[in-house]
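So the chains spell out like this:
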Amino acid sequence: MYRIAVAALVLASSGCATTGGGGGREGNATIAGVIRLPESGLRADDACGQLQVIVASPDAPTNGLGRAMVKPSRGNRCSFTVSGVPSNTNLQVGLAAGGGLKCETGATPTITPEPSTVKVNDYGTATRDFALSCGA
């Protein structure tokens, strides 16, 4: 009886170890970084709450992948993490500002750099930083 239980346990654990993740939208990689806000000229109480980091396939750049979190950080910055993104595939990382985020002049802040492509290994983390600016 003991041998049957051990054999069943080995079969169950090996079956679980080889399944999952096939073609799904979730993965085990992470993208993290910092968004630098302008020292002056930005008209927003909650700028970090109005920013969205989008990690997507280059073929469908508006279909975000993973679980994104943007939160206030020290020194007039926001930090972000996008977890659960597919590994070993090309991903486009970009930043979008909500419509309520404006400069004191009424213009939309400029975001740099433009979206870029990254490839992350299994269980790896890639970093990307962004900056917002209002005027020259």
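The structure we're discussing is the one just above.
Read on for a plain summary of the structure. Just so we're clear, the structure is a prediction, and the values are computed from it rather than from any experiment.

Notes on the side chain of Thr-30
Locating Thr-30 in the fold gives a position in strand E1 (residues 29-36). When near neighbours in sequence (up to four residues on either side) are disregarded, Thr-30 contacts Thr-81, Val-82, Ser-83, Val-85, Val-120, Gly-124, Thr-125 and Ala-126.

A closer look at the packing of aromatic side chains
The final tally for this structure, using the stated rule, is one aromatic pair. Geometrically, the ring pair formed by Phe-80 and Phe-130 is tilted, given 6.1 Å between the ring centres and 45° between the ring planes. Taken together, the positions of Phe-80 in strand E5 (residues 77-85) and Phe-130 in strand E11 (residues 130-133) put the pair 50 residues apart, joining distant regions of the chain. Just as Phe-80 is buried, Phe-130 falls in that class too.

What about the sheet that holds strand E3 (residues 51-56)?
In spatial order, the strands read E3-E6-E9; together these three strands make up an open sheet with antiparallel pairing. Taken across any chain shown, the strands that pair with only one partner, and hence form the sheet edges, are E3 and strand E9 (116-119). Across the sheet, the mean angle from the axis of one strand to that of its neighbour is 30°, orientation sign disregarded.

So, the environment of Thr-108
With respect to the secondary-structure elements, Thr-108 resides in the loop between strand E7 (102-103) and strand E8 (110-112). Take Thr-108: its relative accessible area is 49%, and that puts it in the partly exposed class. In the structure, Thr-108 is positioned 24 residues away from Leu-132 in sequence and 9.6 Å away in space, judged by C-alpha atoms. Those residues in contact with Thr-108, other than ones at most four positions away along the chain, are Leu-101, Lys-102 and Cys-103. Looking at Thr-108, its side chain comes within polar contact range of the side chain of Lys-102, at 3.4 Å.

What about the state of the cysteines?
The full count for this structure, using the stated rule, is two disulfides. Each sulfur of the disulfide joining Cys-48 and Cys-78 lies 1.9 Å from the other. Across the S-S bond of Cys-48 and Cys-78 the torsion is about -90°, and the bridge reads as left-handed. Here Cys-78 lies in strand E5 and Cys-48 lies in the loop between strand E2 (42-43) and E3, a separation of 30 residues in the sequence. Of the two residues examined, Cys-48 and Cys-78, each falls in the buried class. There is a disulfide in this structure between Cys-103 and Cys-134, and the S-S distance comes to 2.1 Å. Between Cys-103 and Cys-134 the disulfide shows an S-S torsion of about -85°. By sign, it is left-handed. With Cys-103 in strand E7 and Cys-134 in the segment after E11, this pair connects stretches of sequence that are 31 residues apart. Residue Cys-103 is classed as buried on the basis of its relative accessible area, which comes to 4%.

Reading the values: rules and limits
- Residues numbered from 1 in each chain as written.
- Predicted model: local features only at pLDDT ≥ 70, side-chain atom pairs only at ≥ 80, totals over all residues.
- Heavy atoms only, no water.
- Helix = DSSP H or I, 4+ residues; strand = E, 2+ residues; numbered from the N terminus.
- Contact = heavy atoms within 4.5 Å.
- Phe/Tyr/Trp six-rings, centres within 6.5 Å; stacked < 30°, edge-to-face > 60°.
- Buried < 20%, exposed > 50% of the residue type's maximum accessible area, 1.4 Å probe, protein only.
- Pairing = 2+ DSSP bridges.
- Axes fitted to C-alpha atoms, helices over the stretch in contact; angles between N-to-C directions.
- Polar contact = N/O pair within 3.5 Å; in protein donor to acceptor, adjacent residues only side chain to side chain.
- Disulfide = S-S within 2.5 Å.

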